[in-house]
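# Close look at the chain arrangement
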Amino acid sequence: MKTSTTTDAYLVNAYIKGNESALCELITRHKQRIYSFIYSKVFDRDVAEDIFQDTFIKVIKTLKKGGYNEEGKFIPWVMRISHNLVIDYFRKINRMPKFENNTDFNIFSVLSDGSLNAEKKMIKDQVENNVRRLIEELPEDQKKVLIMRVYKEMSFKDISEQTGVSINTALGRMRYALINLRKVIDKHNIVLTN
Amino acid sequence: MQKMYSETSRMEPVIKNMVPKEETIKFLLDYSKALSVIDYNKMKFEALLN
C-alpha cells in the first residue's frame, strides 16, 4: 500500500514537471476503481463516462495550475472530486427531471411546440407586411379608423371622440375600409393565409 | 411488504471491473497535452493549444 501511494506521489510530481506519460500511468492504474465507483452511484454508462471525464479534467487543471497539495493522497482526492461531481449530477437531474417515454404513453402526444417554425414565421411576416401595404392604400379617413380599431384596439366610442365624428360614421368608415381591402385582395388575387 | 423487500433494488447488478472507454482516456490524454497554464502576475490563464 505504502509503495503504491509513494509511486502515485512520484507520478503526480513527474506529471506536474511535464511528464505527460505519468498521467497515462495514473489513469490506467486507477480508472477501474474510479469508474466503478461512479457507476455504482449513477447506474448509467454514459453518465459515468461523462463524470469520469469531468473528474480527470478537474484533476488535470488542478495539477497543471499547481493547486494540488495533498501529497500522498492522490486517489482519495480524485475519489472526492468524482463524488462531488456525482452529487452535482443528482442535484441537476432533480432540478430538471428527465422524462422518459415508455410504450404506453408518449408525452409528445399531448405536448406540442406552439411556436412557429422558420417557414411559417416567414409566411406570417410576409402576410402582415402585405396587409400593412394594403392598408396604406386606403383613403386617409378609413385608414385612420381601421388602424385605431385593429392595431390600437380602441372602442368605436373612443375612435369617434378622437376623430371628431359620430360613432356611426366611424362604424361606416371601418366597414368601407374592410370592403375596400377585400376588393383589392380579390382583384389582385392576393393570398393572405398562413 | 414481502414483495417490497424481496424485489431487487437495482435494475442491473453492479458490474465490477468496469472501465471507461478507450476514447475517453484518449481524450483526457490529448486534453492534458493541449492544456497549458500561463502564469502572469500571480494570475493563471488556461490555454488550449491544438
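Look up: the structure comes first, before these words.
All of the points below concern the structure found in this document. Note that the structure is predicted; figures quoted are calculated from it, not measured.

## Some remarks on a nonpolar patch on the surface
Judged by side-chain polarity, Phe105, Phe108, Val110 and Leu111 of chain A come together as a nonpolar surface patch covering roughly 440 Å² of accessible area. When its relative accessible area of 60% is taken as the criterion, Val110 of chain A is described as exposed.

## A closer look at the interface of chain A and chain B
When the parts come together, some accessible area is lost, and that loss is often what is quoted as the size of the interface. Taken residue by residue, the interface counts 23 residues in chain A and 21 residues in chain B. In this assembly, chain A packs against chain B so that about 2300 Å² is buried in total across both faces, 67% of it on carbon and sulfur atoms. At the junction of chain A with chain B, the criterion picks out one salt bridge. A salt bridge links Lys31 of chain A to Glu22 of chain B; the shortest N-O distance between them is 3.9 Å. The tally of links between chain A and chain B comes to six residue pairs in polar contact (both at pLDDT 80 or more). Only helix 2 (20-42) and helix 3 (45-65) of chain A provide two or more residues apiece to the side of chain A that touches chain B. Of the residues forming the side of chain A that touches chain B, the biggest block, eleven residues, is contributed by helix 3 of chain A.

## Thoughts on helix 5 (residues 118-136) of chain A
Since the α-helix packs 3.6 residues into each turn, any two residues three or four apart lie on the same face. Residues and elements named next belong to chain A. Here helix 5 contains 19 residues, and its C-alpha end-to-end distance of 27 Å stays within 8% of the 27 Å for a straight helix at 1.5 Å per residue. Along helix 5, the positions that sit buried rather than exposed are Val127, Leu134 and Ile135. Summarising the axial view, the buried residues of helix 5 lie within an arc of 100°, below the 170-degree limit, and thus occupy one face. In helix 5, the exposed positions that point more than 90 degrees away from the buried face belong to Ala118, Met122 and Arg133.

Rules used throughout
- Residues numbered from 1 in each chain as written.
- Chains lettered and ligands numbered in written order.
- Predicted model: local features only at pLDDT ≥ 70, side-chain atom pairs only at ≥ 80, totals over all residues.
- Heavy atoms only, no water.
- Patch = residues over 30% accessible without salt bridge, like charges linked within 9 Å, V, L, I, M, F, W, Y side chains within 5 Å.
- Areas by Shrake-Rupley, 256 points an atom, 1.4 Å probe, with all protein chains shown as cover.
- Salt bridge = Lys/Arg side-chain N within 4 Å of Asp/Glu carboxyl O.
- Buried < 20%, exposed > 50% of the residue type's maximum accessible area, 1.4 Å probe, protein only.
- Contact = heavy atoms within 4.5 Å.
- Buried area = accessible area lost by both parts, 1.4 Å probe.
- Polar contact = N/O pair within 3.5 Å; in protein donor to acceptor, adjacent residues only side chain to side chain.
- Helix = DSSP H or I, 4+ residues; strand = E, 2+ residues; numbered from the N terminus.
- Expected span 1.5 Å × (residues − 1).
- Arc of directions from axis to C-beta.

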